[in-house]
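Descriptive analysis of the structure
Residue-level listing of the chains:
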Amino acid sequence: MALSVDSALYRWRRRGAESHSQSESESIPLLFSVRDKPKLTLNKWRIVFPDNGRQWKDWKQASTFYSGNRIRTTKYTLFTFLPQNLFEQFHRLGNLYFLFLAVLNFFPQMEVFHREITILPLVVVLLASMIKDVTEDYRKYQFDKMVNFSKTRVYDKEERAYVEKCWKDVRVGDFVQLQCNETIPADILLLYSSDQNGICHLETANLDGETNLKQRQVVLGFSSQNTLFEPEFFQNTIICEKPNNDLNKFKGYMEQPNHERIGFNIESLLLRGCTIRNTEAVIGIVIYTGHETKAMLNNNGPRYKRSKVERQMNVDIFLCAGLLFVMCLVGSIGHGIWTGNFSMHPPYDVPDENGNFLSPVLAGFYMFLTMIILFQILIPISLYVSIELVKLGQVFLIHNDIDLYDEEADLPIQCRALNITEDLGQIQYIFSDKTGTLTENKMVFRRCTVDGIEFSHQENARRLETHKELDLDDEDFAKLQRFTLPPMNIERPATYKQGTMRPLRRSQSARAHFQGHTRNRSLGRRDSNQSQVAFSSTIEKDVAPDSRLLRRVREAALQTENLSPFTHTKTSSSLTDFFLALAICNTVLVSTTTEPRQRVTVPPPIKPSGITLEKIHQIFQRLKLASLSQSFSSSQSSSELGASFSAKNTEERFAALDCYDNDDDCCASSRGDGLQGKGSTDMGSASLDEVFKSVTNSSLPTDFCYEAESPDEAALVYAAQAYSFTLVSRTPEQVTVRLPQGTLLTFDILYTLGFDSVRKRMSVVVRHPLTKEIVVYTKGADSIIMDLLEDSAKDDICAERRMKRIKEKTQKHLDYYARNGLRTLCIAKKVLNEDDFQKWANFRREAESAIDNRDELLMETAQHLETKLTLLGATGIEDRLQDGVPDTIAALREAGIQIWVLTGDKQETAINIAYSCKLLDQRDCVFTINTDNEETCESLLNLTLEEVRKTYQVEKPQRKFFGIIPTSFSVPEAPVPEFGLVIDGRTLNIIFQGGLEEKFLLLTKHCRSVLCCRSTPLQKSMVVKLVRRQLKAMTLSIGDGANDVSMIQAADVGIGISGQEGMQAVMASDFAISRFKHLKKLLLVHGHWCYTRLAKMVIYFFYKNVSYINLLFWYQFFCGFSGSTMIDYWQMIFFNLFFTSVPPLLFGVLDKHISAETLLDLPELYKSGQNSEIYRLSTFIITMLDTFYQSLVCFFVPYLTYKDSDIDLLSFGNPINTISLLTILLHEAIEIKTWTLFHLITMISSVVFYFVFSLIYNAACVTCNPPTNPYWIMEKQISDPTFYLLCLITPVIALLPRFFIFALRGTFGATLILKAQQLDKLPKGQRDLEIQKLRSSKQTTSGAPVASSASKHDLEQNISHLCLSSFLPPAAASVSHRDTESQGFSASEVNPLRKQIPEEGYYFFNNYHLVSSKVTAPGEDGNKLTKDNAHNFNYGSHRRSVSAVTL
Amino acid sequence: MKNKTSFLPQEGEAHPSRCPDNTAFKQQKLPAWKPQLTIASVLSSFFLIGAFCLAVGVCLILSANSVREIQIDYSDKCSDCSKLRENSSNWSKECHCSVNFTLKEDVLDDVFMYYGLQNFYQNHRRYVISRSDAQLLGRNVNIQKSYCAPFATYRNGTPMAPCGAIANSMFNDTIDLFYNLKSYAIQVPLLETGNSWWTDKNVKFRNPNSYNLSSAFAGTARPPYWQKPVYMLDKEDERNNGYLNDDFIIWMRVSAFATFRNLYRRVKRVGRFADGLPAGNYTFRISYNFPVTKFKGRKHVILSTVVWSGGSNPFLGIAYVVSGTAATLTGFVIAAIHLKLRKKKTYFQK
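Residues numbered from 1 in each chain as written. Chains lettered and ligands numbered in written order. Predicted model: local features only at pLDDT ≥ 70, side-chain atom pairs only at ≥ 80, totals over all residues. Heavy atoms only, no water.

As recorded by an unreviewed UniProt entry, chain B carries the name Cell cycle control protein and is attributed to Cuculus canorus. Word for word, the UniProt comment on chain B under Subcellular location (unreviewed entry) is "Membrane". Word for word, the UniProt comment on chain B under Sequence similarities (unreviewed entry) is "Belongs to the CDC50/LEM3 family." (UniProt positions renumbered as here; feature names shortened; annotations may be inferred.)

Within an unreviewed UniProt entry, the label attached to chain A reads Phospholipid-transporting ATPase, and the organism entered is Cuculus canorus. Turning to chain A, the UniProt record has this under Cofactor (unreviewed entry): "Mg(2+)". Its UniProt record, at the heading Sequence similarities (unreviewed entry), says of chain A: "Belongs to the cation transport ATPase (P-type) (TC 3.A.3) family. Type IV subfamily."

A few points about the overall build of chain B
When helices and strands are tallied, chain B shows ten helices and eleven strands. For 350 residues, the compact-globule estimate of 2.2 N^0.38 gives 20 Å, and the C-alpha radius of gyration of chain B, at 32 Å, exceeds that figure by more than 25%. Going through the 350 residues of chain B one by one, you find that 49% of them count as buried. Taking the contacts inside chain B whose residues are at least 6 apart along the sequence as the reference set, 79% of them involve residues at least 24 apart. Of the roughly 17000 Å² that chain B leaves accessible, carbon and sulfur atoms contribute 56%. The averaged location of the 25 negative side-chain charges in chain B is 11 Å from the averaged location of its 44 positive side-chain charges. (Helix = DSSP H or I, 4+ residues; strand = E, 2+ residues; numbered from the N terminus. Rg over C-alpha atoms; globule rule 2.2 N^0.38 Å. Buried < 20%, exposed > 50% of the residue type's maximum accessible area, 1.4 Å probe, protein only. Contact = heavy atoms within 4.5 Å. Areas by Shrake-Rupley, 256 points an atom, 1.4 Å probe, with all protein chains shown as cover. Lys, Arg positive; Asp, Glu negative; His and termini not counted. Charge placed at Lys NZ, Arg CZ, Asp CG, Glu CD.)

Some remarks on the state of the cysteines
Residue and element names in this part refer to chain B. This model, assessed by the stated rule, comprises two disulfides over all chains. Linked covalently through their sulfurs, Cys81 and Cys95 form a disulfide whose S-S length is 1.7 Å. On the sign convention where negative is left-handed, the bridge of Cys81 and Cys95, at about -80 degrees about the S-S bond, is left-handed. Remark: Cys95 occurs in the loop between helix H3 (79-86) and strand E2 (96-103) and Cys81 occurs in helix H3; sequence separation between them is 14 residues. (Disulfide = S-S within 2.5 Å.)

Some details on the UniProt feature "active site" (unreviewed entry) in chain A
Residue and element names in this part refer to chain A. Annotation from UniProt places "active site" (unreviewed entry) at Asp433. By the secondary structure assignment, Asp433 is in the loop between strand E15 (429-432) and strand E16 (439-450). If we ignore the near neighbours within four places in the chain, the residues touching Asp433 are Leu438, Leu902, Thr903, Lys1020, Ile1038, Gly1039, Asp1040, Asp1044 and Met1047. A polar side-chain atom of Asp433 sits 3.5 Å from a polar atom in the side chain of Thr437. (Polar contact = N/O pair within 3.5 Å; in protein donor to acceptor, adjacent residues only side chain to side chain.)

Quick notes on unusual backbone geometry
Of note, the bond from B:Ala149 into B:Pro150 is cis; its omega dihedral lies within 30 degrees of zero at 0 degrees. Positionally, B:Pro150 belongs in the loop between helix H5 (133-136) and helix H6 (165-168). With an omega of -10 degrees, the peptide bond between B:Ala161 and B:Pro162 qualifies as cis. A positive phi angle, close to 50 degrees, is found at A:Arg1014, a residue other than glycine. Inspection of the secondary structure puts A:Arg1014 in the loop between strand E30 (1007-1013) and helix H32 (1017-1030). Overall, A:Arg1014 belongs to the partly exposed group, its relative accessible area being 32%. The backbone phi angle of A:Asp1204 is positive, close to 60 degrees, even though this residue is not glycine. Mapped onto the elements, A:Asp1204 comes out in the loop between helix H40 (1177-1202) and helix H41 (1209-1231). For A:Asp1204, a relative accessible area of 34% puts it in the partly exposed group.

So, helix H35 (residues 1078-1116) of chain A
All names here are of chain A. The end-to-end C-alpha distance of H35, which contains 39 residues, comes to 55 Å, matching closely the 57 Å that a straight helix rising 1.5 Å per residue would cover. Taken as a whole, H35 carries its principal kink of about 30 degrees at Gly1087. The element H35 is extensively covered by neighbouring structure, given that 39 of its 39 residues are classed as buried. (Expected span 1.5 Å × (residues − 1). Bend = angle between axes of the 7 residues up to and from the residue.)

Some words on the sheet that holds strand E4 (residues 175-179) of chain A
Strand pairing in a sheet is mediated by backbone hydrogen bonds. Such pairs are either parallel or antiparallel. Residues and elements named next belong to chain A. Spatially, the six strands line up as an open sheet ordered E3-E2-E4-E13-E5-E11, and their pairing is antiparallel. A strand with exactly one partner marks an edge of an open sheet, and here the two such strands are strand E3 (161-166) and strand E11 (269-270). Here two bridges tie strand E2 (residues 151-156) to E4, and the two strands are oriented antiparallel to one another. Looking across to E4, one finds that Arg153 is bridged to Gln177. (Pairing = 2+ DSSP bridges.)

Focus on the pattern of salt bridges
Overall, the coordinates contain 48 salt bridges over all chains when judged by the stated rule. In this structure, the salt-bridge partner of A:Asp401 is A:Lys1081, at a minimum N-O distance of 2.8 Å. Linking A:Asp401 in the loop between helix H11 (381-399) and strand E14 (414-415) with A:Lys1081 in helix H35, this pair joins segments that are 680 residues apart in sequence. Classification of A:Asp401 as buried rests on a relative accessible area of 2%. The exposure class of A:Lys1081 is buried, given its relative accessible area of 13%. Residues B:Asp110 and B:Arg269 are paired through a salt bridge, measuring 2.7 Å at the closest nitrogen-oxygen approach. Of this pair, B:Asp110 sits in the loop between strand E3 (107-108) and strand E4 (112-118) while B:Arg269 is found in the loop between strand E8 (260-267) and strand E9 (276-277), placing the two residues 159 residues apart along the sequence. Assessed through its relative accessible area of 34%, B:Asp110 is described here as partly exposed. Residues joined in a network through salt bridges with shared partners are A:Asp1161, A:Lys1324, A:Arg1327 and A:Asp1328. (Salt bridge = Lys/Arg side-chain N within 4 Å of Asp/Glu carboxyl O.)

As for the confidence of the model for chain B
Residues and elements named next belong to chain B. Across chain B, the average pLDDT comes to 86, with 93% of residues at or above 70. Taken together, the stretch residues 1-14 has pLDDT below 50 and engages in 27 contacts with residues farther than four places along the chain or on a different chain. Note on residues 346-350: pLDDT under 50 across the span, and two contacts to partners over four residues away in sequence or across chains. Complex prediction metrics read pTM 0.74 and ipTM 0.94. (pLDDT = per-residue confidence, 0-100.)

Structure below.
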């Protein structure tokens, strides 16, 4: 130990020296040069001089280089608005296109429209955007102003006092004084806190939305804490890093006048925008101001993603551009030929102003440009605007869906990305996190093992079961009461009571369950204190203790009381140690329930408790003698306790004042105890029963709330509380625990080594108040802790053997826990001697004050401490599945979505969760690939692939057979997924490194679900990217924690679950939901709708524009390709702008071709969106063909009608315009599947508006619109019967083919969507029946590719036989090789429990279905073995037969 | 700072729930009609459409057949004149020709006389815009700024009245119709006015205000192709002169196609022609002014009656009949498929 510490010390010093010299060379000269050349210095470090009387010169010089605290989030100022805005707007291609056309129209050779008219759309678009920008900017300006003029108190060096100043006047180096509940104006280094421990509590909800309080600490080692902080005496210079946007990192140091340095980190930085809580006053020095604050640097705008439909749309727009080009080319060539045909210029060929005629070629060229202007709307710029509007509407509706509203959290779904709604309808792959996403992330203490003895906590299990049932009962009840909407108060008495457990009370049970339509608006429940504290729902709080363990704990207490620890001390002491560790080894904050934000930082004073200091010492001397196990058991003999209970409960919070002084001292508490205990000395003979009675009595009324950063911690603390080890208070320096006997024990915390994902453990170093020993309590992932355990006691063979046995047993228990889907944590301890600790503490201090590679140093020191631990025990925490997860997964799977779970959890846990949420089916073959070796990995992949392919060959002919039958259920292209794949992070790494991605993907394509365990955030995102890029699939990632952020961002659609783990995932996501089950409706209903609506609308838009433009194009053949139009320009522009714009928008927002209920009942309907059935190139081309047909009809029917008549130009255009309006609207009407009043109104009003507008416009204006003059055209037309006859017949002819096809499909087509539409019409009961029928028929057809249910069984047999058969012969040989070179499986073991921890790679081949006896024979053997081996574990089912092939 | 706004209101006590409103609109449960393409609705719609179209189509064809129309191409019959007009230097020389035709039976009803032009692209873009509506309204406007160029002013700055290419190229043949009795011919009385739209004559076209027309157009010159100034178009009728001349107004309404007809005169139903044109021999006497050969055009003169559904063009009727038939046939096809498939369907459902 000493040796290792020394070597570490050496290393550390060397490093420290390096960093020192480095930093000196960098910073010191810079520091001095501030006075001469400040510019040089500031580009690496930020140097802050305090703004006080002594250093104001430096301050003045330095502060000029830092921006002020005034913020300006506005984009423009009054003067720069116009140019800047225009400049930005013309960055958009569409606007440039408009501009180009407008400019083009100004040349007389190409002039088609009036000059003003072409500018109009551009001006309208520009103005609309400008108005939007202005209002947005003005709102920002107002807000900025409000923020900038908020007041705060800043130290003024002249007045030598804090004066009120606006936020904008705060400068870097200012001293700012803040009161409780004030918002922090800038990033401030905390120098003083009114809290005697130098703590300041911070609410960061404004920053990250997390509601739990964060602690901030005065710069460690900064000495002015006891006295009131006086800015005038502050002479330090602060050197820290340049402003950056990392909210979790900040480092720097303070240089004192004597060149001594004090390091600090993010723990001392108060971030702008946060709120001070629970702290009366703080003083700090401003480090970053205004836009340089971390909050502002983090404040980036909303994400912009482009959806798949939009990508496809862009392709089509290019096709349209191609069409435009062709049409213009036809026009220009036609015009050239037409012009060239004249030998003489006819009177209608008008020369230019000078009387010159153009040559045919030049005329053709000009005509090309003219045609571009004429046909400009062929490129539907308005489509973009319309799409944005439609998506806004869609988002609005999604946001308002009451089914996606979570009552508990009072959160509706948040749509953070506005433009990818339709992507929700096309998802092919879902990548899900496990913890918090599939599970509730409500950790419930489930079982534990101490000293190799397992405590199964049956009562607790039963409690959880009941809880679930209660939940269900409530819901069922609510369902019954569907239409009565009673705000039910369901308070169910718990079915049993046990020990100290209070009746099971559901804090949320008071909520009313409203379902579907009958829900009324419920008020938010944020006001309840319960919900404010994270991880403190009843289910987490109430832990029913295991009776056996409870008895042991009591015995332990008894033994210590009897001071006869000779027989069972080992167990009893490790029991107490175990629970102490549970209670102490965390970062949980304690608050009382009565005032949730009131921290309990002071242990409740204890009434004179009848014990003298001497006696305590005496006891512990004896204890020590009795046991060398450095354990602490209940400190005070129970006899003294009786008296201490009476007053404690009432005065806990208030009577803390007299303890203040003591708390500053290291061992204050014990002394305090001692002092207080002087009064009564001999109460020592109370009976044990009495003691426990009083314990139970006393622990009842006190109710603490624990605010933990992670739910595991809270669960463990609650578990400890259940065994009467109650965490009473916590400060950074001290932690107080109440023991079963009622004694309060205050530990001095020497160090807390926080949890990080690399070390996967955390430790606290405490000094035991009684034994004065320095104890390290560590808890962490079992795989890590197990490696860090002390090898063995060198002196005692017996003890060594015992330790080994315990370790083995614990490991076995851990494996069992993991298999049952519990999260495991190991608890260990270590006792340090004073010297070692001092040495280590020195490193630690140095590490803390280091600036360069400080993190690594801290890590190193931490790793140093956490060695040679003694195992205390392990816990199993259950993370319950969220409601409706299996259901949702089954539905999503039925919808054809592949679901992958990417988790950092253990393989066993993940697999179990996968089974319980139906991700893996009992019948599935599950391949498990874990390997470190690239070659092995490759051969494994090949092997599995071959195996999978074999299965196909059996399936294929059957599918062909089904291909003949014209059932419309499209047989999915992917083979029937009957395989599962489990892979771990290491193997993933190898796959990525070894270029095995393609094989991996090939394999996964055949797998029904894929589980990636033990994967890092980076791997998660790599997997997502791999699938997205290689398979070109639409991916969705869903997660709740910070570790899912990268995966969420990598996917096409990122969904964050606003759960218990903060807001980082939500911040990175496109949509934020609060429960996993909401995904079902979000995808199956909203996604489907949004996709269908938008896709149809986009297609319709193309149709609309192209068919209208085609009319003009056909006319070119009759006007010598001269670019003439038969429709008045205004009517033409209004046609797109008003007459035909609203119905498609409404269609895009509201159309519902299938009801939500049917979509949910028949998830398979989702596949249409997945396969992009509505909007793809083929549908686009078909639509275009239809468009051409329709436009031909719309043009040539009027043409032939008016041929050889005296019809004039505009009178001919007028019926055409009307006809195309009617055709376009009727086309839409055919598409609309759901006619609401809105649809009807907009349709009718569109037509009415057209006529009214035309009539008024044609009557009002005699010459206002030269040179065209539509005067009285409409009036003349509507008095002509031919007009009506035309308007009747043309749309009919135009739409007849389409209607015919629709009719054919509607009556004879049997696609699922049409079936579903028919189902919608049925009454509810009948509908359900039909759906059942449909589903059952589907299961036989597409679920398993065998039609009759009779042959289904055969197939299963077949498959499972296939799965196993190839492995059976080697299984018979049962020779175990570890030969990777032999390429293949030379051996296998059919025994799940005699599992070997593989070195190079192993390969599981599981078949979870019992089939023919021949195959299952080894499986049954396995089961027998299982039974034998499984002593006290009771396996829920013995259904699994596992064959493991070890390579 | 955006999130700041969203989080600020948390401070309030018991702020209202964020639960969405449970309204039919927001929950997308609006009462709606879902049209279903069932076999019954489909068939009935097809048959209804078919029956309706057939009925209308038959009516239209019948009425179109009742129209009597005589169309005479005189561009070749007056070959001398057309050759004369090919040389633009002869524009002032008069040229007359006669075209005879026979009506085998009486044409009863109003008879309209049209002139028809072929291959005259009145709808050419640059031709269409070459006019000044303001000038035609009698306003004193600066036509230089209008779209009339290059037919706005002469080199010396004298504005043209009316300006523009349309006016310049006005059809200026005069056609008279004679009814040939055995020995002599009587001129069929023709109405020169009332042929244009009422609104054109009374709203859209105005002569400049002055005590007489020639003074109103003082300071302007006729368009280059014209033989006489605008105020000499109809010397007899003051109300049919200047911009208000019906022939001029009708010409200014540019036609939609290169082959078109414009109403020229109506037969005045007086005396012998009270019931229309009696059967017999007729002669058109044409003053041939308008050159068409240089654009390979043709000129027609057309006599036609008019019915409620328009002229003699039977297309609309045919279209109705054809589409009616198509719809009915489709209906039958669907019915047939339905009947055939019904057996199969039940087969599959088992």
